[in-house]
Amino acid sequence: MQSQPLFDQLRAASPQISVGMLTADWMALGAELKLIETAGVRLLHFDVMDGNFCPMMTFGAPVVAGIKTPLLKDVHLMIDEPLTKLESHVAAGADIVTVQAESTRHIHRVFQALGKMTNFNDPKRGILRGLALNPGTRLESVEPLLDQLELVLLLAVNPGWGGQKFIPSTSARLARLKQMVGDKVLIGVDGGITRDNIAEVAQMGADIIVTGSAVFDGKSPLENARFMVDAIRK
Ligand code: DX5
Ligand code: ZN
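Residues numbered from 1 in each chain as written. Chains lettered and ligands numbered in written order. Predicted model: local features only at pLDDT ≥ 70, side-chain atom pairs only at ≥ 80, totals over all residues. Heavy atoms only, no water.

**Q** Mind laying out the coordination of the zinc ion (ligand 2), listing which residues take part and the relevant values?
**A** Distances from the zinc ion (ligand 2) to its protein donors, His-45 (NE2), Asp-47 (OD), His-76 (ND1) and Asp-190 (OD), fall within 2.1 to 2.3 Å. One way to put it: the six donor atoms around the zinc ion (ligand 2) meet at angles of 69 to 167°, and that makes the site octahedral. (Donors = N, O, S within 2.8 Å, 3.2 Å for Na, K, Ca; no water. Tetrahedral: all angles 85-135°; square planar, octahedral: opposite > 155°, others 65-115°.)

Right, dumping it as structure tokens:
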């Protein structure tokens, strides 16, 4: 773990939400993003899926680059062999780059590479390096990488779609991960977060809580985002 301004900023703002944009109205994306900013959201979560690592294909670095926003770009790579794609996402303005532990044999090499990269938006800011674990992946796989990352993202659904149900065993995993890593790294939870469970997930110690379809539900993103932000306020 490196000490860096972005890490300190996110630690100080914990817990906070990172809003997944998959179910936003893309024809009105600028306005939709303004709404969540108004609600106090600071992180925008990009679900990059390649149709190989997980069933659905969404978008790649050009879309991440094309979305000009003051929100911090939280890029979640659900793609096979992310090593060769890191640079393009960093150049696209990623502030957080999270890779899946299961996506390559050489996960350590991926973190080595990420550790040498500079934040494109502001070199002084640093890039937050995240490791995501599928619901069926052992928490112990985090240990050998602990000094090379700043975020562990626990998936509470099997990656592939928004709008899935929160897998209940995630709560015990979150508690155990917290015991394992303490305050050394930030902990995120991604998938199946709703108005009904967000407060509980925050109370369990998640620092970053990803919520997509419960905010961009096609009806009231502003009201939804405000609800989520309030629900986790300490
Ligand atoms: C899982 C993705 C999540 C998901 C979040 O495949 O990593 O970010 O789309 O969406 P909701 O909040 O709808 O579960
Ligand atoms: Zn995600």
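**Q** Can you tell me about the site of ligand 1, naming the residues and giving the values?
**A** With respect to spatial proximity, 18 residues lie near ligand 1, and among them Asp-47, Gly-163, Asp-190, Gly-212 and Ser-213 are the closest. A distance of 2.7 Å separates an oxygen atom of ligand 1 from a polar side-chain atom of Asp-47. Ser-213 is positioned such that a nitrogen or oxygen atom in its side chain is 2.5 Å from an oxygen atom of ligand 1. Contact with the protein chains removes 99% of the 370 Å² of surface that ligand 1 exposes when unbound. The cavity that encloses ligand 1 is the largest pocket. Only β2 (43-49), β3 (72-78) and β8 (208-211) provide two or more residues apiece to the shell around ligand 1. At three residues, β2 tops the list of elements feeding residues into the shell around ligand 1. (Near = heavy atom within 4 Å. Polar contact = N/O pair within 3.5 Å; in protein donor to acceptor, adjacent residues only side chain to side chain. Areas by Shrake-Rupley, 256 points an atom, 1.4 Å probe, with all protein chains shown as cover. 1 Å grid on protein atoms, 1.4 Å probe; cavity = no way out; pocket = protein on both sides within 12 Å on 5 of 7 lines; lining within 4 Å. Sits in = over half its atoms within 2 Å of the grid points. Helix = DSSP H or I, 4+ residues; strand = E, 2+ residues; numbered from the N terminus.)

**Q** Report on unusual backbone geometry, specifying residues and quantitative values.
**A** Cis peptide bonds are those with omega within 30 degrees of zero, and the linkage from Ser-14 to Pro-15 qualifies with -5°. If you trace the backbone, Pro-15 turns up in the loop between α1 (5-12) and β1 (16-20).

**Q** Can you lay out empty space enclosed by the protein for me, pointing to particular residues and giving the numbers?
**A** The final tally for this structure, using the stated rule, is one cavity of 30 Å³ or more. Size it by volume and the largest cavity reaches roughly 30 Å³. Surrounding the largest cavity, Phe-166, Thr-170, Ser-171, Leu-174, Val-189, Val-201 and Met-204 form its lining. (Points joined across faces, edges and corners; volume = space filled by probe spheres on them.)

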